[in-house]
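Analysis of the macromolecular model
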Amino acid sequence: KLVFCDNLYAYGPGTNISTKSDTVPPSSKSKPGIRAMMRETFVTYMNNHKDRLTVVGGADFFGPYVTTNSLLGDIVTGNLVQGKAPMAIGNADRIHDFCYAPDFANALYIASINDQAYNKFWICPHTIHNRSVREITNDIKELVGTTTTKKLKVLPGFGVRILGLFDTLMSEFCEMLPFWTMAYTVNDSDFIETSHVQPTPYKEALQ
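One structure accompanies this document, and this report is about it.

1. Here we look at the pattern of salt bridges
The full count for this structure, using the stated rule, is 5 salt bridges. Residues Asp6 and Arg35 are paired through a salt bridge, measuring 2.6 Å at the closest nitrogen-oxygen approach. With Asp6 in strand S1 (residues 2-6) and Arg35 in helix H1 (residues 31-48), this pair connects stretches of sequence that are 29 residues apart. Residue class for Arg35 comes out partly exposed when judged on its relative accessible area of 22%. Between Arg134 and Asp93 there is a salt bridge, with the nearest N and O atoms lying 2.7 Å from each other.

See the structure below:
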């Protein structure tokens with residue numbers, strides 16, 4: 001049996017994304033398109049091999065040891081801890097949901113031992129709902145207790161593209177800019193209601 005740990009790129013940017021949402025057109029020319037191709041492969045496999053595969057996806061994540069590959073890692077929390085200015089991508093005032101990495105891991109485990117979870121796609125519980133990156137940053141700043149007066153910097157799209165020529169993380173953000181310039185929210189209610197688990201409380205996860 002396979003429990004596949006996935007992102008939600010296949011659904012593209014948007015609000016209230018659920019496993020019932022339409023995916024973007026399959027294509028080998030974009031990250032979302034590639035994920036949509038993978039989803040087609042998963043569906044075919046599920047149809048031909050019952051009770052062998054389940055897919056659990058999550059939006060952008062944060063948490064212990066999640067540093068270089070998370071917006072809330074090095075460039076927000078890391079900078080705050082060091083007294084530097086935190087940075088947002090695209091638009092800091094659009095709401096953006098995040099899942100807490102240990103909750104994601106727990107969701108994978110729960111799916112693996114639940115026979116009813118197979119042959120389906122799931123969205124793991126998300127700790128952060130309906131908060132903007134600016135709001136999250138302010139909450140982290142309060143917990144860190146930093147005395148820095150430096151304000152949150154916002155790197156606009158053209159800046160991301162320029163830095164993407166030299167920085168691997170920024171190059172990853174280039175293609176995904178629509179996820180960071182528009183509101184991005186997910187609906188994780190199916191997994192929560194089926195598995196009877198709740199995400200880690202917001203302030204606890206930030207701490």
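2. Details of the nonpolar core
One finds Phe62, Leu71, Ile89, Phe98, Ile128, Ile136 and Trp180 to be the most contacted residues of the largest nonpolar core, which totals 35 residues. Every element with two or more residues in this core is listed here: helix H2 (73-81), strand S4 (87-89), helix H4 (133-144), helix H6 (168-175), helix H7 (177-181) and helix H9 (202-206). Non-local contacts of Ile136, meaning those with residues more than four positions away in its chain, are made with Leu72, His96, Phe98, Ile128, Arg131, Tyr202 and Leu206.

3. Section: empty space enclosed by the protein
Evaluation of the coordinates by the stated rule reveals 2 cavities of 30 Å³ or more. Of the pockets and cavities examined, the largest cavity occupies roughly 90 Å³. Around the largest cavity, the lining is made up of 13 residues, and of these Asp6, Asn7, Tyr11, Arg39 and Phe121 lie nearest the centre. For the lining of the largest cavity, the elements supplying multiple residues, two or more each, are H1, strand S2 (53-57) and strand S6 (121-123). In terms of residues, the lining of the largest cavity owes the most to one element, S6, which gives 3 residues. Tallied by class, the residues present in the lining of the largest cavity amount to 8 nonpolar, 3 polar and 2 charged. A volume near 30 Å³ is recorded for the second largest cavity. Around the second largest cavity, the lining residues are Asn91, Arg94, Ile95, His96, Val133, Phe179, Trp180 and Met182.

4. A few points about the pairing of S1
Bridge count between S1 and S2: 5 bridges; the pairing is parallel. The residue bridging Val3 from the neighbouring strand is Thr54, located in S2.

5. Details of the packing of aromatic side chains
Applying the stated criterion to the full structure yields 6 aromatic pairs. Seen from their ring centres, Phe4 and Phe42 are 4.8 Å apart, and the 55° between their planes marks the pair as tilted. Taken together, the residues Phe4 in strand S1 and Phe42 in helix H1 connect sequence positions 38 residues apart. With centroids separated by 5.4 Å and ring planes inclined at 45°, the aromatic side chains of Phe62 and Tyr100 adopt a geometry described as tilted.

Reading the values: rules and limits
Sequence positions are assigned chain by chain, starting from 1 and proceeding in written order. Two thresholds apply to this predicted model, a pLDDT of at least 70 for residue-level local features and 80 or more for giving and counting side-chain atom pairs, whereas whole-chain, interface and lining totals are computed over all residues. For the side-chain quantities, the full set of heavy atoms in the structure was used; hydrogens and water were omitted. Think of a salt bridge as a Lys or Arg side-chain nitrogen and an Asp or Glu carboxyl oxygen that are within 4 Å of each other. Only DSSP runs of H or I with at least four residues qualify as helices, and only runs of E with at least two residues qualify as strands; both kinds are numbered from the N terminus onward. Relative accessibility under 20% of the residue-type maximum defines a buried residue, over 50% an exposed one, and the middle range a partly exposed one, all with a 1.4 Å probe and only protein chains included. Only buried Ala, Val, Leu, Ile, Met, Phe, Trp, Tyr and Cys residues count toward a nonpolar core, and they belong to the same one when joined by side-chain atoms within 4.5 Å. Contact definition: two residues touch when any of their heavy atoms are within 4.5 Å. Only protein atoms enter the 1 Å grid used here. Points where a 1.4 Å probe fits but cannot escape make up a cavity, open sets with protein on both sides within 12 Å along at least five of seven lines make up a pocket, and a residue lines them when an atom lies within 4 Å of a point. Grid points are joined across faces, edges and corners, and a volume is the space filled by probe spheres set on the points. Each residue is assigned to one of three groups, with Ala, Val, Leu, Ile, Met, Phe, Trp, Tyr, Cys and Pro labelled nonpolar, Asp, Glu, Lys and Arg labelled charged, and all others, Gly among them, labelled polar. Two strands qualify as a pair provided DSSP detects at least 2 bridges between them. Two rings belonging to Phe, Tyr or Trp (six-membered ring only in the last case) form a pair when the distance between their centres is within 6.5 Å. Interplanar angles under 30 degrees mark stacking, angles over 60 mark edge-to-face geometry, and anything in between is tilted.

Interpretation in functional terms is not warranted from these geometric data alone.
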